[in-house]
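Residues per chain are reported as follows:
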Amino acid sequence: MLPYVLLYVVASVLLVFFAMTNYRSFYVGFGILLACFGGVRYGVGKDYFSYIEAFSDMRTGNVVRGYEPLNWVLVKLAEGVGFADQAILFFYSAVTVLCTLLAIWRLSQGRAVSAYLFLTVSIFYLSSFNIARQWVAVSIGFFAVSMYADRRYLYFLILVAIATCFHYSAVLVLLAPLFVRRYSVVICVIALIGALGLGEVFIFLLSKTPYVHYLLDQFRSHKSGSSFLMAVYFLGLFSLVFLAGYFDRNLQLDRRVVILCNMSMASVVLLMVGFVFGIDFEPLMRVNLYFASASLFLAPAA
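Residues numbered from 1 in each chain as written. Predicted model: local features only at pLDDT ≥ 70, side-chain atom pairs only at ≥ 80, totals over all residues. Heavy atoms only, no water.

*Asks:* How would you summarise the overall build of the protein if you had to cite specific residues and measurements?
*Replies:* Within the protein, the regular secondary structure consists of 15 helices and 0 strands. Across the 302 residues in the protein, those meeting the buried criterion constitute 44%. Carbon together with sulfur atoms contributes 71% to the accessible area of the protein, which is approximately 15,100 Å² in total. (Helix = DSSP H or I, 4+ residues; strand = E, 2+ residues; numbered from the N terminus. Buried < 20%, exposed > 50% of the residue type's maximum accessible area, 1.4 Å probe, protein only. Areas by Shrake-Rupley, 256 points an atom, 1.4 Å probe, with all protein chains shown as cover.)

Structure below.
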């Protein structure tokens, strides 16, 4: 418990000084602290020993499904130079923190606030230490989004390719071109209704295929989440989008804010579809990470 208390105290002090002085050294110090704290974890998070076991299987040549190319490369490099498995987890932590803070620097209108949310809000990496390699992909993905916002499209594609080599779900970041336009309320409602309709069609088609067992395993699940918490989540995201001025046509919004607002609304649509159709909550939230995390950068604009 004491290490966590010290982490929050020291990190908070660094962010306060950064907010007061705007000296980058405090921001860098905050990042180094988080990266080191995450990197030296032992047995923290339900995925920890699963990763250690998978790394061992990779070294011994056992078949390990579901691990992307750059994860294999890291294991082989660590083995080649004699590093322990902890070095790989340290790398995951360092890349996650580095890319997230770079994305905050480029996307957020309140860097200290966004950094503090990354530290404290439960859906983000540091609070749970779960899905480590996907968080690497998510953080690189948002760094890629910041490049897209600045019209640096080649860098965007390169970063998405790297992120996908850590976790295949990062291909979702390629939806970024859909988020640069500012949509009306009518279009947003139509998109939600259309998504619900497509969801029903998808489930119907799936039920007619040999993959119907996925319908039983991942859909119509009893783990589809709390209706109350879902309503609170929707209200929170819509409040951020509304307060950022997205629906005020008289207000000129920065391209970055428009992208973040659209990603937040995509999160609402995705979770609404998942809740209506009873999709298993865990895989749904893994997909949703790429959209829900936009609130990290959008909150200061609201």
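What follows continues from the structure just given.
*Asks:* Requested: an account of the pattern of salt bridges, with residues and values cited.
*Replies:* Tallied over the entire structure, the rule returns 5 salt bridges. As a salt-bridge pair, Arg59 and Asp85 come within 2.4 Å of each other at their nearest N and O atoms. Note that Arg59 is positioned in helix H3 (residues 48-60) and Asp85 in helix H5 (residues 85-107), a separation of 26 residues in sequence. Arg256 is paired through a salt bridge with Asp150; the nearest N and O atoms lie 2.4 Å apart. One end of the pair, Arg256, is in helix H13 (residues 255-276); the other, Asp150, is in the loop between helix H8 (132-149) and helix H9 (153-164), with 106 residues separating them in the sequence. Accessibility expressed as a relative area gives 27% for Asp150, which makes it partly exposed. When salt bridges that share partners are traced, they join Arg106, Asp150, Asp254 and Arg256 into one network. (Salt bridge = Lys/Arg side-chain N within 4 Å of Asp/Glu carboxyl O.)

*Asks:* Mind laying out the packing of helix H2 (residues 24-39) against H5, listing which residues take part and the relevant values?
*Replies:* Where H2 meets H5, the closest approach of the two axes is 8 Å, and the angle between their N-to-C directions is 150°. One way to sum up the angle between H2 and H5 is to call them roughly antiparallel. The two elements H2 and H5 meet at a crossing, and its hand is right-handed. Where H2 approaches H5, its residues Arg24, Tyr27, Phe30, Gly31, Leu34, Ala35, Cys36, Gly38 and Gly39 are matched on the opposing element by Gln86, Leu89, Phe90, Ser93, Ala94, Val97, Leu101, Ile104 and Trp105. Class assignment for the residues of the contact of H2 with H5 results in 12 nonpolar, 5 polar and 1 charged. (Axes fitted to C-alpha atoms, helices over the stretch in contact; angles between N-to-C directions. Parallel < 35°, antiparallel > 145°, perpendicular 65-115°, else oblique. Left-handed = near helix turned anticlockwise from the far one by under 90°. Contact = heavy atoms within 4.5 Å. Nonpolar A, V, L, I, M, F, W, Y, C, P; charged D, E, K, R; others polar.)

*Asks:* Break down H3 for me, citing the residues and quoting the values.
*Replies:* Here H3 contains 13 residues, and its C-alpha end-to-end distance of 19 Å stays within 8% of the 18 Å for a straight helix at 1.5 Å per residue. All of the buried residues in H3 are Tyr48, Tyr51, Ala54, Phe55 and Met58. Viewed along the axis of H3, the buried residues span an arc of 130°, placing them on a single side of the element. Exposed and facing more than 90 degrees away from the buried side of H3 are Glu53 and Thr60. In this fold, the buried residues of H3 make contact with helix H4 (69-81), H5 and H8. (Expected span 1.5 Å × (residues − 1). Arc of directions from axis to C-beta.)

*Asks:* Kindly report on the confidence of the model for the protein, identifying the contributing residues and their values.
*Replies:* Taken as a whole, the protein shows an average pLDDT of 84; of its residues, 84% reach a score of 70 or greater. The lowest-confidence element of the protein is helix H11 (residues 212-218), averaging 52 in pLDDT; the highest-confidence one is H9, averaging 97. (pLDDT = per-residue confidence, 0-100.)

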